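Single-letter residue listing:
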Amino acid sequence: MTTDVLLDCDTGIDDALAILYGAGNGARYVACTVTHGNVPVPLGTRNTLTVLDAIGLTDVPVHQGAARPMAQPLLTAEFVHGQDGLGDAGIAASTREPAGTLAAAEIVRLARSRPGELTLVAVGPLTNLGLALLLEPRLPELVDRVVVMGGAVGVPGNASETGEANVWHDPEAAQLVLDAPWDVLLVGLEITMQTQLPPEALARIRDSADPRAQLTWRLVQHYLDVYEEVLGERTCVLHDPLAMALALDPELATYRLVRASIELRGERTRGQVVGDLRGYGPAPSDPADPGVVRIVDSLDTAAFHARFLRALGA
Ligand code: RIB
Ligand code: CA
């Protein structure tokens, strides 16, 4: 089964892994749109073209988008993803040009042209999606599903004590996405941190002759170094691939609805996704209610890892 996917990303290492995961698990990329985030948006755009071309998806258009957040200065994360955003692994850059339409306009154009058909997968800061919602308030009616890698509900952040990077990089845009009347699945650190690849999986990637595995092995070396330094373990957390996986195969997980909003004013907590986990009163019932999000309750991690390795030929 194939799913028509519009991927918004800030290609980075795990964004690249998400592209590889989707290509091997039924994603048909209608287009990719790119935002500031891990690296400045021109480089993220170049990286997205590079990864797509490396796996033969040379016909997938890539649209450059927002160069900075809506209400704070640009901050990038080369320390996690390498100066080039692809682990400084020397991967030959694509020479293909980005498409002419800018990201937010292209998201609106595609949604209007194919109402109810597209699955939006957002794995970077949400500036492009927020802008698209401002341009076309009907966007929630025009897309089939929206899956976001973002937030840290009830667990520590990564970009700050309480902020997960994608939301933390543009809290105002994240609030626009959460308040829109759609059933948004927010795949946060509360579940992605469980996806660390075990050593035997890394060994299968290392030992595979498949070009996709070999590309992955080159991409993740910098990432493994960072996690060894941060977590004390040479592993790889599959944040963005998990969002892609749940967009393509929702049955890999169970879900629950929670009321959530973004902290916009806290001196220490700006960018936090504040989820109401108290369990007082009836649980929210309508996922399209503004301020209600769907989060993951449980995940079949083994099945996710198996699908990831299969997509790499490992
Ligand atoms: O917090 C993890 C997220 O921030 C991932 O999307 C990663 O690529 C970075 O953008
Ligand atoms: Ca990302």
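Relevant structure appears above.
The rules behind the values
Residues numbered from 1 in each chain as written. Chains lettered and ligands numbered in written order. Predicted model: local features only at pLDDT ≥ 70, side-chain atom pairs only at ≥ 80, totals over all residues. Heavy atoms only, no water. Donors = N, O, S within 2.8 Å, 3.2 Å for Na, K, Ca; no water. Helix = DSSP H or I, 4+ residues; strand = E, 2+ residues; numbered from the N terminus. Buried < 20%, exposed > 50% of the residue type's maximum accessible area, 1.4 Å probe, protein only. Axes fitted to C-alpha atoms, helices over the stretch in contact; angles between N-to-C directions. Parallel < 35°, antiparallel > 145°, perpendicular 65-115°, else oblique. Contact = heavy atoms within 4.5 Å. Nonpolar A, V, L, I, M, F, W, Y, C, P; charged D, E, K, R; others polar. Polar contact = N/O pair within 3.5 Å; in protein donor to acceptor, adjacent residues only side chain to side chain. Salt bridge = Lys/Arg side-chain N within 4 Å of Asp/Glu carboxyl O.

Colleague: Teacher, can you tell me more about the coordination of the calcium ion (ligand 2) here?
Modeller: Coordination of the calcium ion (ligand 2) by the protein comes from Asp-10 (OD), Asp-15 (OD), Asp-15 (OD), Val-123 (O) and Asp-240 (OD), over a distance range of 2.2 to 2.7 Å. Written as a sequence motif, the donor arrangement for the calcium ion (ligand 2) is D-x4-D-x107-V-x116-D. With Asp-10 in the loop between strand E1 (3–9) and helix H1 (13–23) and Val-123 in the loop between strand E4 (119–122) and helix H5 (127–135), the pair connects residues that are 113 residues apart, well separated along the chain. Per residue, the accessibility class of Asp-10 equals that of Val-123, and both read buried.

Colleague: Just to check I follow, could you spell out the packing of helix H10 (residues 199–207) against helix H13 (residues 301–312) for this structure?
Modeller: Think of two packed helices as two axes; the pair is described by the angle between the axes and how far apart they sit. Contact geometry of H10 with H13 gives a least axis separation of 10 Å together with a crossing angle of 10°. With respect to H13, the axis of H10 lies roughly parallel. Where H10 approaches H13, its residues Ala-201, Arg-204 and Ile-205 are matched on the opposing element by Phe-308, Leu-309 and Leu-312. Within the contact of H10 with H13, the residues separate by chemical class into 5 nonpolar, no polar and 1 charged.

Colleague: Just to check I follow, could you spell out the side chain of Thr-11 for this structure?
Modeller: Along the chain, Thr-11 turns up in the loop between E1 and H1. According to the relative accessible area criterion, Thr-11 is buried, its value standing at 0%. Of note is the side chain of Thr-11, whose polar atom sits 2.7 Å from the side chain of Thr-48. The residues contacting Thr-11, other than those within four sequence positions of it, are Ala-16, Ile-19, Val-39, Gly-44, Asn-47, Thr-48, Val-51, Gly-85 and Leu-86.

Colleague: Looking at this structure, how should I read the pattern of salt bridges?
Modeller: Close approach of charged atoms lets side chains of opposite charge pair. Under the criterion given, the structure shown has 18 salt bridges. Here Arg-28 and Asp-4 are joined by a salt bridge, their closest N and O atoms 2.5 Å apart. Linking Arg-28 in strand E2 (residues 27–34) with Asp-4 in strand E1, this pair joins segments that are 24 residues apart in sequence. You can call Arg-28 partly exposed: its relative accessible area is 46%. For Asp-4, a relative accessible area of 11% puts it in the buried group. Here Glu-136 ties to Arg-138 by a salt bridge, and the two come within 3.1 Å at their closest N and O atoms. Relative accessible area serves as the criterion here: at 5%, Glu-136 is assigned to the buried category.

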